[in-house]
There are 2 protein chains.
Amino acid sequence: MFMGASTKQGYDIAHKSREIVRSLIGDKIDHLTSDEKAIVERIVHSTADPEYAELTIMSEDFVSKSIKSLKKGEDILTDINMVRAGINNYSGEVNCFISHPDVIKNSKDKQITRAAAAMQYAAENEFQGIVVIGNAPTALYEVIDLFNKDLMNIKSVIGVPVGFVGAADSKEDLNNSEIPHLITKGPKGGTPVAVATINALINFINKKSNKYV
Amino acid sequence: MFMGASTKQGYDIAHKSREIVRSLIGDKIDHLTSDEKAIVERIVHSTADPEYAELTIMSEDFVSKSIKSLKKGEDILTDINMVRAGINNYSGEVNCFISHPDVIKNSKDKQITRAAAAMQYAAENEFQGIVVIGNAPTALYEVIDLFNKDLMNIKSVIGVPVGFVGAADSKEDLNNSEIPHLITKGPKGGTPVAVATINALINFINKKSNKYV
């Protein structure tokens, strides 16, 4: 599995794309480790937007803590179903609780977003692993709060909510936190960025068993 | 349901976002109808990328043909599961066949992508309605070919595959076809653009029954 390709034709497309990506952003990611480069390349491949080479920021411990969690088969928790639907080839659980009846009820009772209520629900139900937020700033604020209160067993957070309201500030808060993280600066981000990042990490741990590497 | 909001907090965020979006792109979409404007605004809201105001192109009949199909409750067919997962509040069927056993087999036998094989599968299984392609240029080429050969009952195509290889050309082909369509020029596009477009259309037909309009 190379950048999501599962057939020869898909592989050829992905391979050519990687060459183009490298020609576009190679000089902007020179300072990164090879694993970090692979993540940023996959984000730019998935979005066709070279700007992400400059917008993407990882804490120094992001890759190592994430790989450690994935190798243990710990949980992946997503804010919305679109993100969950894009995650491939992981042997552990990939959960999204936004449509869970308890979450919908709590969201109404507390007048908070369903995405935020879903983070609380996970924290209360033995979540342990990586949180992937591709859409909702409110979910990201909630996760940072739960981590700071020692109420959620978080190994790393991919925090790339998108939007003109709240997204940039929520990512800035994550960037200033003690949580191992990846963010995108400013309003941009979104589900493809979230999915590219977690799939790149999963690919690192699956590498040996896959054909197209 | 306003731009995907389902709580008061979500509504407030969406409302403020729309004001920002209008201040950023208002002058660039002046030539569009009000429905077309609403679609482009939702795309920019979903991606936080004002560039889409200039990249998005619709055929003159795109909105009317799409609404007609949705009002009849016809099918929505997506190229990948991520797109399907993002589509909300539609009373008809929303299908994605990329993981169907027949599609996986045909993909291997013919050495074509699974996304392309999934379009053939739909055409052979009484599909009638709107095709939404957020990822795979190969699926879009297949759909144009099936339409031209009169082998697929397509009412409109949202064709916004993303990537540096094949995506721009496939969208150009769609733009030059007789199919009612929405595209994004160049390599950019993707699942959030696809989902924003179809959800905006669904919102048009659901408007009367929703709270936040």
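Residues numbered from 1 in each chain as written. Chains lettered and ligands numbered in written order. Predicted model: local features only at pLDDT ≥ 70, side-chain atom pairs only at ≥ 80, totals over all residues. Heavy atoms only, no water.

Describing the side chain of B:H181
Residues and elements named next belong to chain B.
Alright, step 1. Along the chain, H181 turns up in strand 6 (residues 181-184).
Alright, step 2. Its relative accessible area of 3% is what places H181 among the buried residues.
Alright, step 3. Of the polar contacts made by the side chain of H181, one reaches the side chain of N175; its length is 2.7 Å.
Alright, step 4. Within the structure, the side chain of H181 is placed 2.7 Å from the backbone oxygen of I179, a separation counted as a polar contact.
Alright, step 5. Leaving out residues up to four positions away in the same chain, H181 has contacts with I57, M58, S59, F62, V157, L174 and N175. (Helix = DSSP H or I, 4+ residues; strand = E, 2+ residues; numbered from the N terminus. Buried < 20%, exposed > 50% of the residue type's maximum accessible area, 1.4 Å probe, protein only. Polar contact = N/O pair within 3.5 Å; in protein donor to acceptor, adjacent residues only side chain to side chain. Contact = heavy atoms within 4.5 Å.)

Observations regarding the interface of chain A and chain B
Alright, step 1. On the chain B side, the residues contacting the 37 residues of chain A number 37 residues.
Alright, step 2. When residues of chain A are sorted by the area they lose upon contact with chain B, A:M82, A:F164 and A:V165 head the list and together hold 27% of the total.
Alright, step 3. Where chain A packs against chain B, one counts 2 salt bridges.
Alright, step 4. Of the charged contacts, one joins B:D49 and A:K188 as a salt bridge, the two residues approaching to 3.8 Å between their closest N and O atoms.
Alright, step 5. Elements represented by at least two residues in the side of chain A that touches chain B include exactly helix 1 (8-25), helix 2 (34-47), helix 5 (81-86) and helix 10 (191-206) of chain A.
Alright, step 6. The element best represented in the side of chain A that touches chain B is helix 1 of chain A, accounting for 9 residues.
Alright, step 7. Taken together, the residues of the side of chain A that touches chain B sort by class into 16 nonpolar, 16 polar and 5 charged. (Buried area = accessible area lost by both parts, 1.4 Å probe. Salt bridge = Lys/Arg side-chain N within 4 Å of Asp/Glu carboxyl O. Nonpolar A, V, L, I, M, F, W, Y, C, P; charged D, E, K, R; others polar.)

Considerations on unusual backbone geometry
Residue and element names in this part refer to chain B.
Alright, step 1. Here the phi dihedral of Q111 falls at roughly 50 degrees; this positive angle occurs in a residue that is not glycine.
Alright, step 2. Mapped onto the fold, Q111 is located in the loop between helix 6 (101-110) and helix 7 (114-124).
Alright, step 3. For D150, which is not a glycine, the phi torsion comes out positive at approximately 60 degrees.
Alright, step 4. Considering the arrangement of structural elements, one finds D150 in the loop between helix 8 (137-148) and strand 5 (153-159).
Alright, step 5. Its relative accessible area of 70% is what places D150 among the exposed residues.

Section: the confidence of the model for chain A
All names here are of chain A.
Alright, step 1. For chain A, the average pLDDT comes to 93, and 93% of its residues sit at 70 or higher.
Alright, step 2. For residues 209-213, every residue scores under 50 in pLDDT, and the model assigns this stretch 9 contacts once sequence neighbours within four places are set aside.
Alright, step 3. Scoring the predicted complex yields pTM 0.93 and, for the interface, ipTM 0.92. (pLDDT = per-residue confidence, 0-100.)

Remarks on helix 2 of chain A
Residue and element names in this part refer to chain A.
Alright, step 1. Spanning 14 residues, helix 2 covers 20 Å between terminal C-alpha atoms, matching the ideal 20 Å at 1.5 Å per step.
Alright, step 2. All buried positions along helix 2 are accounted for by E36, I39, V40, E41, R42, I43, V44, H45 and T47.
Alright, step 3. Among the residues trailing helix 2, A48 stands out with phi positive, at a value near 55 degrees. (Expected span 1.5 Å × (residues − 1).)

Topic: the pattern of salt bridges
Alright, step 1. Applying the stated criterion to the full structure yields 14 salt bridges over all chains.
Alright, step 2. B:R22 serves as the salt-bridge partner of B:E41, at 3.0 Å between the closest nitrogen and oxygen. Placement of the pair is B:E41 in helix 2 (residues 34-47) and B:R22 in helix 1 (residues 8-25), with a sequence separation of 19 residues.
Alright, step 3. Through salt bridges with shared partners, a single network forms among A:D49, A:E51, A:K188, B:D49, B:E51 and B:K188.

Focus: the sheet that holds strand 1 (residues 56-58) of chain B
All names here are of chain B.
Alright, step 1. One open sheet holds the 6 strands; their spatial order is 1-6-5-4-2-3, and the pairing between them is mixed. Every other strand in the sheet has two partners, leaving strand 1 and strand 3 (94-95) as the edge strands with one partner each.
Alright, step 2. Inspection of the sheet shows strand 1 paired to strand 6 by 3 bridges, in the antiparallel sense. Residue pairing across strands places T56 opposite T184, the latter belonging to strand 6.
Alright, step 3. Here helix 8 sits on the sheet and contacts strand 4 (128-133) and strand 5; the angle it forms with strand 5, its principal contact strand, is near 150 degrees. (Pairing = 2+ DSSP bridges. Axes fitted to C-alpha atoms, helices over the stretch in contact; angles between N-to-C directions.)

A few points about the relation of the copies chain A and chain B
Alright, step 1. For these two chains of identical sequence, chain A goes onto chain B by a turn of 180 degrees and a shift of 0.0 Å along the axis, with RMSD 0.0 Å. A rotation of that kind, with that shift, is consistent with a two-fold axis. Closest approach to the rotation axis among the C-alpha atoms of chain A is made by A:M82, whose C-alpha sits 2.4 Å away.
Alright, step 2. Of the residues that chain A buries at the interface, 100% are likewise interface residues in chain B, meaning the two copies contact each other through the same surface. (Least-squares fit on C-alpha atoms with pLDDT ≥ 70 in both.)

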